[in-house]
Amino acid sequence: MAPNENLLEVRDLKMHFPFRSGSLLSEKKGFIYAVDGVNFAIRKGETLGLVGESGCGKSTTLRAIAQLHKPTGGEVMLNGQDLVKLSRDNLIKARKSMQLVFQDPYASLNPRMTSGEIISEPLRIYKKRGVLDISQQEINDRVELLMERVGLSRYFKNRYPHEFSGGQRQRIGIARALALKPDLILCDEPVSALDVSIQAQILNLFKDLQDEFQLTYLFVAHDLSVIEYISTRVAVMYLGAIMEISASIDLYKNPLHPYTQALLSAAPIPDPVIERKRQRIILTGDVPSPDKKRTCCYFHDRCSKRMDKCSASIPTLHEVGTDHNVACFLYHD
Amino acid sequence: MTDDVILQVKDLKTYFKLDEGLLKAVDGVSFDIKKGRTLGIVGESGSGKSVTNLAIMKLIPSPPGWIAGGEVLLHGKDILKMSDTEIREIRGNKISMIFQDPMTCLNPFLRISTQMIETIVLHQGLDKKAAKDKAIEMLKLAGIPAPEKRIDQYPHQFSGGMRQRVMIAMALSCNPEILIADEPTTALDVTIQAQILELINELSERLGTAVILITHSLGVVAGMCDEICVMYAGRIVEKANADQIFGEPKHPYTMGLIKSVPRLDKTTKERLYSIPGQPPNVINLPDCCPFFPRCEYAKDICKQKYPPVSGISTGRSVACWLYGGGN
């Protein structure tokens, strides 16, 4: 593969959830537009950070890519195959190169399995389905190798999840994701449940593994400084759509979208001298509910630079600099 | 200076008796709260920061917990020796608290008005009508739009940020001298966090309330606090003003903590420093420095004895053998 080739392409991905509310007689039906037309590509070997506030659809995007939710519309191209259209058997084969790491290391590990069983489970499943030809001895060796690689002693493989701390459990989750030698790992807030000192250890582990196994990450988080540290490129989501996508350094130095600017100025910096000098852009109000079909800019009701046309039509992503795309009428028509 | 001190916590100890052994959640914590100032308490989970503040309000569930020693002096009177009736006069009136998750602190069956009026009638002796006016005024101060209408709604009709505003309005409705905010923004998004922190800052300045801010986020304390206590395994390892903590941290744990946070304003992508190892299990902790297995400066004495708290300069102290035994 050429170094700049796209590993994953997401085209016009939509994930709408139907809902019902009201009483029996005055029932209202509608959709939650959780993800509403998202486009991006991830190049081989890079980390794309997906950042946004709760309810903006970042986890749903990730789940729709993994086909854990069947998307309402759009394409998810992994290695040239559209995952949305694949049959169940083919999807299982294709998923081998795409694994997940979850947020909550307490909920995402089966408490009745030992850590060795948890890490080997993907291997055993693929062996049973006849996709993978691997002997029991090879599985055992792989598990021990993986445990040592993520910083756990191989002697812990007969222990149960409750015997591990939060950081160690997240290491088990990472080892499990690595078991099938995937190309792409989808990480859903993998460090937000961890303490500061452990968070740094896990972030460094992600970086080391990326160098060693040439992994590609889609990294979802709400913490802007974590995203800045881990990502090559960053996409900022709001209300189910991408507002701005750019190389990480560029985005933090030169944020263009008013929402990105507000988000960055709201993030605290651990330095009192800088904090005293900073001018915050404080947004008013809350994120609106995504239960209406949008016909105008998603951010227009909270935006300080609102113009007339913002409430008339939806701005689309446009390239405004090298590898810097923004969906805002301030920068294009 | 000493006249400004509202609350003095002296050598506070809170232990829990568990099946596994004795858990010293808080083990000899001392600090002062001055009028109108903000004190930050930072630490990782299990470091005892929340238990410290529950102990101040005498809210430790007993059994299994009990306050094993120390004093909490509010204007010179020890809260820990007060009777239940006396302490009810203080809770919500002189000292009030807001918590991490506003949904679990508001009664979902009662309207906001019922919950707020109850507190105000109880502590301020106003009649219901006047109490409702006061409640509306507080909600307005806390930035709730159309408070006359919103006050008759139920908690589920508010968003997370709005609920936290209601909690703040409720907590400040009796003009307390001290507001204890226990992780007030952890459940909120960054933009909402900025709103809430701004609100706490503004109201505490206007009403002259002292604030104890408990958080695990170094960014939040840097922006909010005058003084900072760093807690580790039930003790304060370093206490100083914000500029000193972030400018020249003394304790190896504080140093490591500050270096291990990724920063937005640093564009160089150098590798993050990480403190090796795991936070200690505080059950049956031996009498040594609990940080020594993770410390790069550990000496022999660190494994034998807990370091005494040594004062470095006025208002600044650190508990570490690197800075001598004693003074």
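Let me begin by describing the structure that accompanies this report. Everything numeric in this text was worked out from a predicted model, so none of it was measured.

**What to know about the overall build of chain A**
Reasoning step 1: For chain A, the count of helices and strands is 10 helices and 12 strands.
Reasoning step 2: Its C-alpha atoms give chain A a radius of gyration of 21 Å, within 12% of the compact-globule value 20 Å for 333 residues.
Reasoning step 3: Across its three principal directions, the C-alpha atoms of chain A cover 65 × 55 × 50 Å.
Reasoning step 4: Counting the 333 residues in chain A, one finds 55% classified as buried.
Reasoning step 5: In chain A, the proportion of contacts linking residues at least 24 apart, taken out of those at least 6 apart, comes to 64%.
Reasoning step 6: Taken as a whole, chain A presents about 14700 Å² of accessible surface, with 50% of it coming from carbon and sulfur.
Reasoning step 7: Side-chain charges of chain A comprise 43 positive and 39 negative groups, with the mean position of each set lying 4 Å from the other.

**Side note on the packing of helix α3 (residues 115-128) of chain A against helix α5 (residues 166-178) of chain A**
All names here are of chain A.
Reasoning step 1: Contact geometry for α3 and α5: axes closest at 7 Å, N-to-C directions at 30°. Judged by the inter-axis angle, α3 sits roughly parallel to α5. Two packed elements cross with a definite hand, and for α3 against α5 that hand is right-handed. Packed against α3, whose contacting residues are S115, I118, I119 and P122, the element α5 presents I172, A175 and R176 at the interface.
Reasoning step 2: Grouping the amino acids of the contact of α3 with α5 by side-chain chemistry returns 5 nonpolar, 1 polar and 1 charged.

**Remarks on the environment of A:L25**
Reasoning step 1: On the secondary structure map, A:L25 appears in the loop between β1 (6-21) and β2 (28-43).
Reasoning step 2: On the basis of relative accessibility, which here comes to 86%, the residue A:L25 falls in the exposed class.

**Examining the environment of B:Q153**
Residue and element names in this part refer to chain B.
Reasoning step 1: On the secondary structure map, Q153 appears in the loop between α6 (147-150) and α7 (160-172).
Reasoning step 2: Judged by its relative accessible area of 21%, Q153 is partly exposed.
Reasoning step 3: For the pair Q153 and S310, spaced 157 residues apart in sequence, the C-alpha separation works out to 52 Å.
Reasoning step 4: Every residue in contact with Q153, bar those within four places of it in the chain, is listed here: R111, I112 and F158.

**Comments concerning the pattern of salt bridges**
Reasoning step 1: In the structure shown here, the tally under the stated rule is 30 salt bridges over all chains.
Reasoning step 2: A salt bridge links A:D271 to B:R263; its shortest N-O distance comes to 3.5 Å. With A:D271 in the loop between α9 (258-266) and α10 (272-277) and B:R263 in the loop between α11 (252-259) and β11 (309-313), this residue pair bridges two chains. Neither A:D271 nor B:R263 differs from the other in exposure class; each is buried.

**Overview of the nonpolar core**
Reasoning step 1: The biggest cluster of nonpolar side chains holds 100 residues, and the ones touching the most others in it are B:L7, B:F31, B:I95 and B:I212.
Reasoning step 2: The biggest single contributor to this core is α7(B), with 8 residues.
Reasoning step 3: In contact with B:I212, other than residues within four places in its own chain, are B:F31, B:I33, B:L39, B:I41, B:N53, B:I56, B:I178, B:L179, B:I180 and B:A181.
Reasoning step 4: Grouped together as the second largest cluster of nonpolar side chains are 71 residues, A:I134, A:L152, A:I172 and A:A200 included.

**Overview of the sheet that holds strand β12 (residues 316-319) of chain B**
Residues and elements named next belong to chain B.
Reasoning step 1: Spatial strand order, β6-β7-β8-β3-β9-β10-β12-β11: 8 strands in an open sheet with mixed pairing. One side of each edge strand has no neighbouring strand; the edge strands of this open sheet are β6 (95-98) and β11. Across the sheet, the mean angle from the axis of one strand to that of its neighbour is 20°, orientation sign disregarded.
Reasoning step 2: Relative to strand β9 (residues 227-232), strand β3 (residues 38-42) runs parallel, the two sharing 4 bridges. Paired with I41 across the bridge in β9 is C229.
Reasoning step 3: Helix α1 (residues 49-56) rests against β3, β6, β7 (178-182), β8 (210-215) and β9 of the sheet, and its axis sits at about 145° to β8.
Reasoning step 4: Along the sheet face, α7 touches β6 and β7 and points at about 175° away from the line of β6.

**Re the side chain of A:E244**
Residue and element names in this part refer to chain A.
Reasoning step 1: Of note, E244 is situated in strand β10 (residues 241-247).
Reasoning step 2: Buried within the structure, E244 lacks any salt-bridge partner; K305 is the closest side chain of opposite charge, at an N-O distance of 10 Å.
Reasoning step 3: Only 3.0 Å separates the side chain of E244 from the backbone nitrogen of L256, close enough to count as a polar contact.
Reasoning step 4: A distance of 2.7 Å separates the side chain of E244 from the side chain of T260, its partner in a polar contact.

**Some thoughts on the sheet that holds strand β12 (residues 324-326) of chain A**
Residue and element names in this part refer to chain A.
Reasoning step 1: Read across the open sheet, the 8 strands follow the order β6-β7-β8-β3-β9-β10-β12-β11; overall the sheet is mixed. Every other strand in the sheet has two partners, leaving β6 (98-101) and β11 (318-321) as the edge strands with one partner each. In this sheet, neighbouring strand axes are inclined to one another by 20° on average, regardless of whether the strands run parallel or antiparallel.
Reasoning step 2: Relative to strand β7 (residues 184-188), β6 runs parallel, the two being bridged by 4 bridges. Bridge pairing in β7 places M98 opposite L184.

**Remarks on unusual backbone geometry**
Reasoning step 1: Of the consecutive residues B:S62 and B:P63, the connecting peptide bond is found in the cis state with omega at -10°.
Reasoning step 2: By the element assignment, B:P63 lies in the loop between α1 and β4 (65-74).
Reasoning step 3: In this chain, B:P63 is followed by B:P64 through a cis amide linkage whose omega measures 15°.
Reasoning step 4: With respect to the element layout, B:P64 can be found in the loop between α1 and β4.
Reasoning step 5: Although it is not a glycine, A:D323 sits at a positive phi angle of roughly 55°.
Reasoning step 6: The phi torsion at B:E183 lies on the positive side, around 50°, for a residue other than glycine.
Reasoning step 7: Here B:E183 is to be found in the loop between β7 and α8 (190-207).

**Looking at the packing of aromatic side chains**
Reasoning step 1: Following the criterion strictly, the structure yields 11 aromatic pairs over all chains and no others.
Reasoning step 2: Aromatic side chains A:F156 and A:F164 sit 5.8 Å apart centroid to centroid with 70° between the ring planes, which places their arrangement in the edge-to-face category.
Reasoning step 3: On the basis of relative accessibility, which here comes to 4%, the residue A:F164 falls in the buried class.
Reasoning step 4: For the ring pair A:Y238 and A:Y259, a centre distance of 4.5 Å and an interplane angle of 50° mean the geometry is tilted. Of this pair, A:Y238 sits in strand β9 (residues 233-238) while A:Y259 is found in helix α9, placing the two residues 21 residues apart along the sequence. Across the pair, exposure class does not vary: A:Y238 and A:Y259 are buried alike.
Reasoning step 5: An aromatic cluster of at least three residues, connected via ring pairs, comprises A:F206, A:Y217 and A:F219.
Reasoning step 6: The aromatic ring of A:Y229 is capped on one face by A:K207, whose charged end is 4.3 Å from the ring centroid.
Reasoning step 7: Here the guanidinium or amino end of B:R150 rests over the ring plane of B:F158, the centre of that ring lying 4.3 Å away.

Cut-offs applied
- Residue positions are given per chain, counted from 1 along the sequence in the order it is written.
- All chains are assigned letters beginning at A, and all ligands numbers beginning at 1, according to the order in which they are written.
- Restriction of local features to residues with pLDDT of at least 70 applies here, the model being predicted, together with a cutoff of 80 or more for giving and counting side-chain atom pairs; totals for whole chains, interfaces and linings are based on all residues.
- Heavy atoms throughout the structure, all of them, feed into the side-chain values; hydrogens and water do not.
- Starting at the N terminus, helices and strands are each numbered in turn, a helix being any DSSP run of H or I of at least four residues and a strand any DSSP run of E of at least two.
- All radius of gyration figures rest on C-alpha atoms, and the globule criterion is 2.2 Å times the number of residues raised to 0.38.
- The buried label applies to any residue whose accessible area, calculated with a 1.4 Å probe on protein chains only, is under 20% of its type's maximum; exposed applies above 50%, and partly exposed to all values in between.
- What makes two residues a contact is simply this: any of their non-hydrogen atoms within 4.5 Å.
- In these tables, accessible area is a Shrake-Rupley quantity obtained with a 1.4 Å probe, and a residue counts as shielded only by the protein chains included in the view.
- The sign given to each residue is positive for Lys and Arg and negative for Asp and Glu; His and the chain ends receive no count.
- For the purpose of locating charges, the reference atoms are NZ of Lys, CZ of Arg, CG of Asp and CD of Glu.
- For helices, the fitted line uses only the C-alpha atoms of the stretch in contact; every axis is such a line through C-alpha atoms, and the angle between N-to-C directions lies from 0 to 180 degrees.
- These descriptions rest on fixed angle ranges, namely under 35 degrees for roughly parallel, over 145 for roughly antiparallel, 65 to 115 for roughly perpendicular, and the rest for oblique.
- For any helix crossing, the convention is left-handed if the near helix is rotated counterclockwise from the far helix by under a right angle, and right-handed if that rotation is clockwise.
- Each residue gets one of three labels, nonpolar for Ala, Val, Leu, Ile, Met, Phe, Trp, Tyr, Cys and Pro, charged for Asp, Glu, Lys and Arg, and polar for the others, Gly among them.
- Every case where a carboxyl oxygen of Asp or Glu lies within 4 Å of a side-chain nitrogen of Lys or Arg is listed as a salt bridge.
- Among buried residues, those of type Ala, Val, Leu, Ile, Met, Phe, Trp, Tyr and Cys that are joined through side-chain atoms within 4.5 Å constitute a nonpolar core.
- By the convention used here, strands pair only if DSSP detects at least 2 bridges between them.
- The term polar contact refers here to a pair of N or O atoms within 3.5 Å; inside protein, the definition further demands a hydrogen-donor-capable atom paired with an acceptor-capable atom, and it admits residues adjacent in sequence only when both atoms are side-chain atoms.
- Any Phe, Tyr or Trp ring, taking Trp's six-membered ring, that has another such ring centre within 6.5 Å forms a pair; planes under 30 degrees apart are called stacked, those over 60 apart edge-to-face, and the others tilted.
- Criterion for a charge above a ring: Arg CZ or Lys NZ at most 6 Å from the ring centre, at most 35 degrees from the ring normal.

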